[in-house]
Amino acid sequence: MNDAPRPTDLRTLATAAPGAGQRRFAGLACAAFTALTFALLPVAGRPMAPMPGFVASYQSALVVVYAVTTVLFFAQYGRTRSVPLLVLSAGSLYVTLIVAVQLLSFPNVFGADRILGSSPATTTWLWTLWHLGPPLFALPYAIMEGDGRTRLIAPDRSARAGIATAIGVAAAVAGLSYLVVAHVDRLPTTVVGDDYWALTTSGVGPAVVALTLASLAILCWTTRLRSLLQLWLAVSLFLLLLDNLVTQTGAARGTVGWFAGRIEALISGVVVLCAYLRKVDLLYGHAERIAEARERQRADLQAARDHLAIALDAADMGDWEFDLAAGASRRSLRHDAIFGYDALQPRWDVATTLAHVVREDRDVAEAAFAAVAATGSLDLQCRILRAGDGATRWIELKGRAARDEAGRATGLAGIVVDVTARQDADERLYQAQKMEAIGQLTGGIAHDFNNLLTIVIGNLDMIVRRPGDAQRVERLAGSAMTAARRGAEVTEKLLSFSRRQVLRPETVNPNRLLKDFHTLLQRAVGETVAVEFDLDPALDPVRLDPGQFESAILNLAVNARDAMPSGGRLLIRTENLTATGEPGAAPPELAPGHYVHVAVSDTGLGMEAGTASRAFEPFFTTKEVGKGTGLGLSQVYGFARQGGGQVVLQSEVGTGTTVSIYLPHSKEQPAAARPEGPMPLRRATDGEVILVVEDEPAVLDMAVESLSELGYRTLTATRAAEALARLQGPERVDILFSDVVMPGGMNGVQLSVAARRLRPDLRVLLASGYTASAFGEDGLPADLPLLNKPYGREDLADKLRVVMGRR
């Protein structure tokens, strides 16, 4: 409730500022009593009819008024520990006690004679002492309040200071009373019989008036009467001035002036008390409004809780709240029901929740709860074992932390929901999407490979029909070879997309690769597209497969060229980037760490949001049939993800497209630059013998034919077991050339290990077009060269150069 009064809005008499109306009322009261006093001055000395009991009633009322005021002053001091308030408390207590003592000095009150003193002089001097109290204590209060400084007593000393002050005041009153009663004859004469004129002529009365006037003036000047207490304290002092004036003018007990002075003195004490009581009434009303507002808030809060409980129950959610310090909790029945309980458990804490989490998910759950102290929130999805039936269920926990003034997480509150059904639905949707993707994939492959096979089969058929025309055979064979190479590119892109291609990573500087690649890029995009580089000279090295990196950049360049049919600009930019996990610092997909950012931007047509969202899908293309495979961006995505990085695409219609590749930086030194120019074919020089292991007869024949042309002698095997049997024999074998994926229970990697046990000096070369199942989790051993299928004679000769160590 925004209109509810707040505790900080409360102002006491000592701190609340008086309004204009209150100031006017105080001024009118002073003016009225001034007018009344001056009107009574001409008749101040006229005697009045005797009023039995007046003195006793008046003095008792005065004691009660100042006693109540004293209690209020001390109570406010106890709350605020204010030194100025303690001074006023002492003054009010002083007046209370001295008036009570004076009451004992009157005859005919408690008996026929006085209890204290033996003459009216005692009563007059006690009257003088109590009239000195208010101005004497108001003076230091005014001085302390006037300089604007806050004077407080330490909390551990405030009670002792209050008690000590009260004891000191009581001792002072007792001492003064003793001096007056015992030695009144040594004090100046202030009364003769019932005549008070001596009070004026002795100078005692005028001194009291002067002190009161000075105290009033200093109070008004220093404080400017900024608070209600200061305003009504000033009115009280002013009424005491009028009391002194009319009393001393009347100059005798029982006169009009004496009676008027008693009334004004009583009103002087009542003024501050009434102001206090009025403020207490206002504060009580204020407190009532706060209580009513709080009650409305409580009712609204309870209604909101009830509505929330209904909503959570309808959504099958349970709410919970943990006290992290005490280990206590508050939970709904739905919460415990999700964990398999029919009734609320007597105790539950974070450890209880973690105990239900399945072992495989427990590390993730513990990390999520541990991160609450830093992040202030909990977002966890994990599996639990339900109590009772032991069923495995998926749950989602979301919560927010409450912190103390030091920023420590002291509590955690949130909701829990059983998401097993949603998880199952997501899994079914995922399977359906996979099947749809597989259907799209197989359809695209069938389309592209049917086109390629049509070229290959048709050209080979024409060669078989008329093999005698050498020029015609060469032309047709070249066309078939081009189609076959395009098929090899398609399979390479498929493997890249699936992140199943074998990478031969090197630690390189991407800037060097891009500079070496500049000429080929310019030739690929044509003369109408300007290729520009913005390369960070301090770029970190990256561990990657140079060929795959160049293929990714080339695919992006070709896509950019097709998006700029009228020409444009292709900008390739590199920079170092640190992902901190903070929003906006880096793409949210990136894990915290150091990366090299390679951005390829064009000024082309751009993509709509729907097209951009599908850009990395395999075989998705906006080009005409036969103009593209739709695997270009898929290859880029697969290359980056397999290297531990990420790809982000940003595009806007009419503005262009930027594809950003983020690759983890490497702490290793970059490898030396590769030699330029074609390498000569590596031929056999000493009758080397190669054992060829291949289960596909046609591939085996092709490999043997290629090796024979390079001058190698060959032995063959179609299974790993057959190859091991030949290695156990006496035949010379220099190189084992094996396919990776083979039937029979042993793949090429396992064969190479077993073969080296038999012949430790044996060199090994592996060949495959798909290797993931053979390599397993550890990947291809670093010392085993791999020849990717399909391969030509030149590729085979180059790999043999590596194997024989003659590069």
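> Hey, could you go over the overall build of the chain for me, with residue numbers and the actual values?
Check the secondary structure of the chain and you find 25 helices and 17 strands. Taking all 807 residues of the chain together, 41% fall into the buried category. Across the chain, every contact between residues at least 6 apart in sequence was considered, and the portion connecting residues at least 24 apart equals 70%. Within the structure as shown, the chain displays about 41,400 Å² of accessible surface, and the carbon and sulfur contribution to it stands at 58%.

> Explain the sheet that holds strand β11 (residues 646-652) residue by residue, including any values.
The five strands are arranged β7-β9-β10-β12-β11 in an open sheet whose pairing can be described as mixed. The outermost strands of the open sheet, each flanked by one partner alone, are β7 (529-534) and β11. Sheet twist, expressed as the average angle between the axes of neighbouring strands with direction ignored, equals 15°. The sheet contact formed by β7 and strand β9 (residues 568-579) spans six bridges and is parallel. Each bridged residue has a counterpart across the sheet, and for phenylalanine 533 the counterpart in β9 is isoleucine 572. Its contacts with the sheet place helix α18 (residues 546-562) against β9, β10 (593-602) and β12 (656-664), and it is angled at close to 30° to β10.

> So what about the sheet that holds strand β2 (residues 329-331)? Which residues, and what values?
The antiparallel open sheet is built from five strands, whose spatial order is β2-β1-β5-β4-β3. On the outer flanks of this sheet lie β2 and β3 (377-385), each paired with one strand and no other. Between one strand axis and the next, the sheet turns through 20° on average, direction left out of account. Taken together, the nine bridges between strand β4 (residues 392-403) and strand β5 (residues 409-418) define a ladder with antiparallel strand orientation. Considered in β5, the bridge of glutamate 396 is made with valine 417.

> Describe the environment of leucine 85, naming the residues involved and giving the relevant values.
With respect to the helices and strands, the residue leucine 85 is situated in helix α3 (residues 83-103). As a C-alpha pair, leucine 85 and leucine 152 span 67 residues in sequence and 9.8 Å in three-dimensional space.

> Can you explain empty space enclosed by the protein? Please cite residues and give values.
Per the counting criterion, the structure on display carries three cavities of 30 Å³ or more. Considered as a void within the structure, the largest cavity measures approximately 180 Å³ in volume. Together, 15 residues line the largest cavity, and Tyr66, Phe73, Ser92, Pro134 and Leu233 are the ones closest to its centre. Of all the secondary structure elements, the ones that give two or more residues to the lining of the largest cavity are α2 (54-80), α3, α4 (120-146), α8 (228-250) and α9 (256-314). If you tally residues by element for the lining of the largest cavity, the top one is α3, at four residues. Each pocket or cavity is described by its volume, and for the second largest cavity that value is around 130 Å³. Contributing to the lining of the second largest cavity are 13 residues, with Gln102, Thr123, Trp127, Tyr196 and Trp258 lying nearest its centre. Those elements that place two or more of their residues in the lining of the second largest cavity are α2, α4 and α9. When grouped by side-chain class, the residues that make up the lining of the second largest cavity number six nonpolar, five polar and two charged.

> An account of the pairing of strand β15 (residues 735-739) is requested, with residue identities and associated values reported.
A large share of β15 lies buried, amounting to five of its five residues. By the alternation rule, side chains of β15 split into Ile735, Phe737 and Asp739 and Leu736 and Ser738, which are all buried. Looking at chain direction, strand β13 (residues 689-693) and β15 are connected through four bridges and run parallel. By the bridge assignment, isoleucine 690 is partnered in β15 with isoleucine 735.

> Describe in detail the pattern of salt bridges, supporting the description with residues and values.
Per the stated rule, a full pass over the model turns up 18 salt bridges. For arginine 331, the salt bridge goes to aspartate 336, with nearest N and O atoms at 2.8 Å. Residue arginine 331 shares its accessibility class with aspartate 336, and that shared class is buried. The residue arginine 422 makes a salt bridge to glutamate 396 at a minimum N-O spacing of 2.8 Å.

> Tell me about the side chain of threonine 657, residues and numbers included.
Relative to the elements of secondary structure, threonine 657 occurs in strand β12. Only 2.7 Å separates the side chain of threonine 657 from the side chain of serine 651, close enough to count as a polar contact. Leave out the neighbours within four places in its chain, and threonine 657 touches Val600, Ser601, Asp602, Gly606, Met607, Leu649, Gln650 and Ser651.

> Now, about helix α25 (residues 793-803): what can you tell me, with residues and values included?
Regarding α25, the residues found buried are Leu796, Ala797, Leu800, Arg801 and Val803. Each buried residue of α25 lies within a common arc of 160° when the element is viewed along its axis, so the set occupies one face.

> Any chance you could break down the pairing of β9 for me, citing the residues and the numbers?
Strand direction decides the pairing type here: β9 and β10, joined by 10 bridges, are antiparallel. Following the sheet pairing, asparagine 576 is matched in β10 by valine 596.

> Tell me about the packing of aromatic side chains, and please be specific about residues and values.
Scanning all chains against the criterion turns up nine aromatic pairs. Ring centres of phenylalanine 54 and phenylalanine 259 lie 5.0 Å apart, and the angle between their planes is 40°; this geometry places the pair in the tilted category. Here phenylalanine 259 lies in helix α9 and phenylalanine 54 lies in helix α2, a separation of 205 residues in the sequence. By relative accessible area, which is 22% here, phenylalanine 259 ends up partly exposed. Plain terms: the ring middles of tyrosine 341 and tryptophan 348 are 5.8 Å apart, the flat faces sit at 90° to each other, and that makes the pair edge-to-face. In this structure tyrosine 341 comes out as partly exposed when scored by relative accessible area, which is 22%. Between the NZ or CZ atom of arginine 224 and the centre of the ring of tryptophan 221, over which it lies, the distance is 4.4 Å.

> Could you give an account of the nonpolar core, with specific residues and numbers?
Tyr58, Leu62, Tyr94, Ile98, Val99 and Trp130 are the most contacted members of the largest nonpolar core, which totals 37 residues. Among the elements of the structure, α2, α3, α4, α5 (155-183) and α9 are those that each provide at least two residues to this core. Leaving out residues up to four positions away in the same chain, isoleucine 98 has contacts with Leu126, Leu129, Trp130, Val173 and Ser177. If you look at the next biggest cluster of nonpolar residues, it comprises 35 residues, including Leu513, Leu514, Val525 and Val647.

> Could you give an account of α8, with specific residues and numbers?
Look at α8: 33 Å from first C-alpha to last across 23 residues, which is about the 33 Å you get at 1.5 Å a residue. A large share of α8 lies buried, amounting to 20 of its 23 residues. Remark: alanine 251 follows α8 within two positions and exhibits a positive phi of approximately 60°.

> Tell me about unusual backbone geometry, residues and numbers included.
Not every positive phi belongs to a glycine, and arginine 224 is a case in point at roughly 55°. Relative to the helices and strands, arginine 224 is located in the loop between α7 (204-223) and α8. At leucine 225, a residue that is not glycine, the phi angle is positive and equals roughly 55°. With respect to the helices, strands and loops of the structure, leucine 225 is situated in the loop between α7 and α8.

> Summarise the environment of tryptophan 130; cite the residues concerned and give the values.
Position of tryptophan 130 relative to the elements: it lies in helix α4. Taking the C-alpha atoms as reference points, tryptophan 130 and alanine 100, 30 residues apart in sequence, are found 9.9 Å from one another. With near-sequence residues (within four places) excluded, tryptophan 130 lies in contact with Tyr58, Leu62, Tyr66, Tyr94, Val95, Ile98, Val99, Gln102, Leu240 and Ala265.

> Explain the side chain of threonine 124 to me, and be specific about the residues and the numbers.
In this fold, threonine 124 is placed in helix α4. Judged by its relative accessible area of 4%, threonine 124 is buried. In contact with threonine 124, not counting residues within four places along its chain, are Thr190, Val191, Tyr196 and Leu199.

Calculation notes
Residues numbered from 1 in each chain as written. Predicted model: local features only at pLDDT ≥ 70, side-chain atom pairs only at ≥ 80, totals over all residues. Heavy atoms only, no water. Helix = DSSP H or I, 4+ residues; strand = E, 2+ residues; numbered from the N terminus. Buried < 20%, exposed > 50% of the residue type's maximum accessible area, 1.4 Å probe, protein only. Contact = heavy atoms within 4.5 Å. Areas by Shrake-Rupley, 256 points an atom, 1.4 Å probe, with all protein chains shown as cover. Pairing = 2+ DSSP bridges. Axes fitted to C-alpha atoms, helices over the stretch in contact; angles between N-to-C directions. 1 Å grid on protein atoms, 1.4 Å probe; cavity = no way out; pocket = protein on both sides within 12 Å on 5 of 7 lines; lining within 4 Å. Points joined across faces, edges and corners; volume = space filled by probe spheres on them. Nonpolar A, V, L, I, M, F, W, Y, C, P; charged D, E, K, R; others polar. Salt bridge = Lys/Arg side-chain N within 4 Å of Asp/Glu carboxyl O. Polar contact = N/O pair within 3.5 Å; in protein donor to acceptor, adjacent residues only side chain to side chain. Arc of directions from axis to C-beta. Phe/Tyr/Trp six-rings, centres within 6.5 Å; stacked < 30°, edge-to-face > 60°. Lys NZ or Arg CZ within 6 Å of the ring centre and 35° of its normal. Core = buried A, V, L, I, M, F, W, Y, C linked by side-chain atoms within 4.5 Å. Expected span 1.5 Å × (residues − 1).

Remember, this is a structural readout, not a statement about activity or role.
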